[in-house]
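Spelled out, the chains give:
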Amino acid sequence: MSIYDKLNEEQRIAVEHKEGPLLILAGAGSGKTRVLTHRIAYLMEECGVKPWNILAITFTNKAAKEMRERVDNLIGEGAEDVWVSTFHSTCVRILRRYIDLIGYDRSFTIYDSDDQKTLMREICKYLDIDTKRTKERALLSAISAAKDELISPMQYEKECMGNYGKQVYAKAYNEYQKRLKANNALDFDDLIVKTIDLLTTHPDVLSYYQDRFQYIMVDEYQDTNTAQFKLIELLAARNHNLCVVGDDDQSIYKFRGANIYNILNFEKEYPEAKVIKLEQNYRSTQNILDAANGVIANNTERKDKKLWTANEKGDLIRFTQYETDYEEAAAIVDDIETTMKENGESYNDFAILYRTNAQSRVLEEKLVNRGIPYKLVGGVNFYARREVKDLLAYLKTIDNGMDDIAAKRIINVPKRGIGLTTIDRVTDYAIANEYSFFEALTRAEYIAGVGRALSRISSFVSMIEILRGKLDDPSYTLESLINEIIEATGYVEELQAEGTDEAKSRIENISELVNKVVTFEQEHPGGSLSEFLEDVALVADIDSLDENTEKVVLMTLHSAKGLEFPNVYMCGMEDGIFPGYMTISSEDDSEMEEERRLCYVGITRAMHRLTMSAARQRMVHGETQFNKPSRFVHEIPRFLVEVTADSLKPRYGGGTAYGSDGYGLADRGRGRFDYGSYDSGSRGYGSGGYGSAGTGSTGYGNSGSGSRGYGNAGYGSSTGRSSNVNGMSGYGVGQARKKSAIDLFADNSMIQKGFGAKPTKVTPTKEKIDSLNYGEGDTVKHTRFGAGTVTALKELPGDYEVTVEFEKGGVKKMRASFAKLEKL
DNA sequence: GTGCCTGCTCACGGG
DNA sequence: GAGCAGGCAC
């Protein structure tokens, strides 16, 4: 029996496709990695293709590593010569060899987003750009977008002719590139762009790689941007043996330039392409799959496909709306513990997914309290911590003396009495004489006004030069280098003297960095400093995830792509969070579609059990926000969802129905749930029926009896009575889906009065406010959230607490002194 | 030149 | 709510 016998028919056809372009549309969980690895094995074993003639591109190092391991397992050793790597590391490898051909030094530095921001700040100062009006971030994202589309500064400038506002961007882009070049640095986008520059201007180099990469495979093709597409096109131009694998329904990186048309138009680009659809899912239960299909069916721009599975139906998807984000987190953690015991599973069988990194904090808190081991993916990157960045800046300065950003970062860290005035003078001198900042430091004695700082500067310079000199000895390790830096600068010593908890944790991070250096040298004997730094620059958060350690995994939905877990929790399922406020208020419908694909990705991560949750109120950026359950929850066919009432202790008085929001809670018993009339399919939603029941009773709304297309407002009361409260009833026949979802809980102010919102911490107000020029019922404008109606006002000492229902951003409660609302 | 305080800004995702 | 830049006092 061969390794190919276990493949299904479509998988086998894909694996055995040898020559010519191939598009594999692989639905979630359809075994695409299996196809890719088997195809590599097949090419090598059955077709005699040399491993070094195969290039497989993935999006993360983690995926690359796994792919190599799996190929190794298939064919037994020999996969190490297959070039498996990410777009970015592929480009770095090519550039390290040939970038001098396009005018950079081969020891170039890679700038991360912090470095980019620092550089842009300098540029704004230099070009007199008012950063209040034009943000660095905006400039950088415009530049990044231009690069993703392969638009050069010159082209950009042309396009901006006559548009004064845009000309600022063009100038900034131009200066930014100039400075990157002067610093011998490349940002992430440049890695791709410069590789294309190199290949298009040097046919011999291109030809070399075209010969080398006779078989090219690209994973997650739906996430490639125009530049990446172009790169692949160049490399594959001679042999046309290009195999791309992707799923248009899982395209979730538009914000960083992903061009979904790369996959949608593949057949136009390569008319001779063979197209294979993998539609059998091996991962999830039928119910989970149906839920995912139900959600994604609301998107219009997609390739037709229908996922199916031979797996059992499985459990229903569970949904619960909690009072606060804290209760939500507590309940999830509870549930993990119970389920784990009941099913004899381990912690790594559970993943908690959320839309934004900020949501992890509350969850972490609860997990720590319970002593549950967890792994947080993302958040504040290890390499973004101050102490780690400082030490890396030393390494960068030693490695690449032209990197001004790095040199300026450490010139006075730890403090050595070289202040801003001195730095400015050195900078001016450097610019005037076209030296790098570090070069200028070596000539400090010629710089007017440096005076007192001169001796300090020279000792800094000689420290760097001595360390740099040591690297000439091939037996000198990077480990010794970093230890000498720590020693010479007194960095750790200073932290030890501080003795605070924060200082201790910084010291731990530093020793962690030293560990990483050691590991790097073990894994890459003879690896250079540049290689170490590039390794560091190109790690993704997800790379550090080891699914085999017994920990609950916490991460964003974005990070979860490509992974699977027996039990998945999708929390914060609220309009305003997911889909996010930005998406809801956007004019562009495609953004909602992207958000929906993200939801699809989340759902399809689950193998056996999917639990969704929402909170009525949560703190977002210091303001209490009231959110309705996510429209995506409503898009799951109702018969697939089991809604459980928040079963925490009764707290708001038993038996009384609160709120007209249709989620009215009664006694916190384990109530039943009713969506209203979801049965009627596309025709309408019941607004009611989210009511949970009184203790053990069946106090829920009438089910929206089929054809009528609505449900009564099902406010559970302790008597289990279903009734209309405050005149809110379900939506009528034919009510548009979208509308009902949005208006479902129109009168949120009632909840607030009923529940009495969580007391906000009273902080002294900066500016005493005695009266307001607006009141309940007035329309006001918020600088960020736009227009809204004041639904409640509460007097505080010297301030007011204003509850505003925004037209687009939901209900928010804010301090009048802080929010600066303007009456309309 | 250093250190503290205040006020402002950012509130989506990441290689 | 948090992190950072800028202002101000020493």
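See the structure shown above.
Note that the structure is predicted; figures quoted are calculated from it, not measured. (Residues numbered from 1 in each chain as written. Chains lettered and ligands numbered in written order. Predicted model: local features only at pLDDT ≥ 70, side-chain atom pairs only at ≥ 80, totals over all residues. Heavy atoms only, no water.)

Along the chain, D105 turns up in the loop between α4 (87-98) and β4 (109-111). Under the relative-accessibility criterion, D105 is labelled partly exposed at 39%. Sequence-wise, D105 and D546 are 441 residues apart; in three dimensions their C-alpha atoms are separated by 36 Å. Discounting chain neighbours no more than four positions away, the residues touching D105 are I99 and N184. (Helix = DSSP H or I, 4+ residues; strand = E, 2+ residues; numbered from the N terminus. Buried < 20%, exposed > 50% of the residue type's maximum accessible area, 1.4 Å probe, protein only. Contact = heavy atoms within 4.5 Å.)

What follows is about helix α23 (residues 491-498). When α23 is considered as a whole, its buried residues turn out to be Y491, V492 and L495. When α23 is viewed along its axis, its buried side chains cluster within an angular range of 90° and face the same direction. Those residues of α23 that are exposed and aimed more than 90 degrees away from the buried face are E493, Q496 and A497. At its buried positions, α23 is contacted by α17 (386-399), α22 (478-489) and α24 (501-523). Positive phi shows up at G499, right after α23, with a value of about 70°. (Arc of directions from axis to C-beta.)

Among the 6 residues in strand β22 (residues 810-815), 5 count as buried, and that is most of the element. Summarising the sheet, strand β17 (residues 623-626) and β22 pair through 3 bridges and their orientation is antiparallel. Directly across from Q625, in β22, lies its bridge partner K812. (Pairing = 2+ DSSP bridges.)

On the surface, K117, R121, K125 and R137 cluster together into a positively charged patch. For the positive patch, the leading source of residues is helix α5 (residues 113-127), giving 3 residues. With respect to the helices and strands, the residue R137 is situated in helix α6 (residues 136-148). (Patch = residues over 30% accessible without salt bridge, like charges linked within 9 Å, V, L, I, M, F, W, Y side chains within 5 Å. Areas by Shrake-Rupley, 256 points an atom, 1.4 Å probe, with all protein chains shown as cover. Salt bridge = Lys/Arg side-chain N within 4 Å of Asp/Glu carboxyl O. Lys, Arg positive; Asp, Glu negative; His and termini not counted. Charge placed at Lys NZ, Arg CZ, Asp CG, Glu CD.)

Take the environment of V15 next. Along the chain, the position of V15 falls in helix α1 (residues 9-16). Take V15: its relative accessible area is 0%, and that puts it in the buried class. For the pair formed by V15 and T37, sequence separation is 22 residues and the distance between their alpha carbons is 8.7 Å. Not counting residues within four places of it along the chain, the set of residues in contact with V15 comprises Y4, L7, V35, H38, R39 and Y42.

This part takes up the sheet that holds strand β2 (residues 54-58). If you walk across this open sheet you meet the 6 strands as β3-β2-β6-β7-β1-β8, and the pairing is parallel. Each having just a single partner strand, β3 (83-86) and β8 (274-278) make up the two edges of the open sheet. The sheet shows a mean angle of 15° between the axes of neighbouring strands, taken without regard to direction. Pairing between strand β6 (residues 215-218) and strand β7 (residues 242-246): 3 bridges, direction parallel. Residue pairing across strands places V218 opposite V244, the latter belonging to β7. (Axes fitted to C-alpha atoms, helices over the stretch in contact; angles between N-to-C directions.)

This part takes up helix α8 (residues 164-182). The terminal C-alpha atoms of α8 lie 27 Å apart, and with 19 residues this matches the ideal 27 Å at 1.5 Å per residue to within 8%. Within α8 the residues assigned to the buried category are Y169, A170, A172, Y173, E175, Y176, Q177, R179 and L180. Against β4, α5, α6, α7 (153-159), β5 (185-187) and α9 (188-201) lie the buried residues of α8. With its phi angle positive at about 55°, N184 sits one or two positions after the end of α8. (Expected span 1.5 Å × (residues − 1).)

Cis rather than trans, the peptide bond between V413 and P414 has omega equal to -10°. Mapped onto the elements of the fold, P414 is located in the loop between α18 (404-410) and α19 (420-433). Omega for the bond connecting F578 with P579 falls within 30 degrees of zero, at 5°, which places this linkage in the cis form. Not every positive phi belongs to a glycine, and E220 is a case in point at roughly 50°. With respect to the secondary-structure elements, E220 resides in the loop between β6 and α11 (226-236).

What follows is about a negative patch on the surface. Among the surface-exposed residues, E487, E493, E494 and E498 lie close enough to one another that they form a single negatively charged patch. With 3 residues, the single largest contributor to the negative patch is α23.

Before going further, it helps to examine the packing of helix α15 (residues 325-343) against helix α16 (residues 360-370). α16 packs onto α15 with a crossing angle of 45° between their chain directions and a minimal axis gap of 9 Å. Between α15 and α16, the angle is such that the two are oblique. α15 and α16 meet at a crossing whose hand is right-handed. Touching D325, Y326, A329, A330, I332, V333, D334 and E337 of α15 are R361, V362, L363, E365, K366, L367 and R370, all from α16. Looking at the contact of α15 with α16 residue by residue, the classes come out as 8 nonpolar, no polar and 7 charged. (Parallel < 35°, antiparallel > 145°, perpendicular 65-115°, else oblique. Left-handed = near helix turned anticlockwise from the far one by under 90°. Nonpolar A, V, L, I, M, F, W, Y, C, P; charged D, E, K, R; others polar.)

Below, the discussion takes up the packing of α17 against helix α25 (residues 529-537). Relative to each other, α17 and α25 sit at 140°, their axes nearing to 10 Å. Considering the angle they form, α17 stands oblique to α25. At the point where α17 passes α25, the crossing takes the left-handed sense. On α25, the residues touching L392, L395, K396, I398 and D399 of α17 are L529, S530, F532, L533 and V536.

This paragraph deals with the pattern of salt bridges. A full pass over the atoms with the stated rule returns 46 salt bridges. A salt bridge links D223 to K561, with the shortest nitrogen-to-oxygen separation between them at 2.0 Å. With D223 in the loop between β6 and α11 and K561 in the loop between α26 (557-560) and β15 (565-570), this pair connects stretches of sequence that are 338 residues apart. Assessed through its relative accessible area of 3%, D223 is described here as buried. The partner of R355 in a salt bridge is E595, and the shortest N-O contact between them spans 2.9 Å. Of this pair, R355 sits in the loop between β12 (350-354) and α16 while E595 sits in helix α28 (residues 589-603), placing them 240 residues apart in sequence. With relative accessibility at 4%, the residue E595 sits in the buried group. Each of K32, D219, E220, D223 and K561 takes part in salt bridges that share partners, so that together they form one network.

So, about the packing of aromatic side chains. In total, this model carries 16 aromatic pairs according to the counting rule given. Relative to Y209, the ring of Y98 has its centre 6.1 Å away and its plane inclined at 90°; by these criteria the two rings are edge-to-face. On the criterion of sequence distance, the pair formed by Y98 in helix α4 and Y209 in helix α10 (residues 203-212) is long-range, its members being 111 residues apart. With respect to class, Y98 is no different from Y209; both count as buried. Aromatic side chains Y209 and F213 sit 5.8 Å apart centroid to centroid with 20° between the ring planes, which places their arrangement in the stacked category. Through a chain of ring-to-ring contacts, three or more aromatic side chains come together here, namely W83, Y98, Y208, Y209 and F213. (Phe/Tyr/Trp six-rings, centres within 6.5 Å; stacked < 30°, edge-to-face > 60°.)

A large share of strand β14 (residues 552-556) lies buried, amounting to 5 of its 5 residues. A two-sided burial pattern is seen for β14, the buried positions comprising V552, L554 and T556 on one face and V553 and M555 on the other. Of the pairings in the sheet, the one linking β12 to β14 comprises 4 bridges and is parallel in character. Note that in β14 the partner of Y354 across the bridge is T556.

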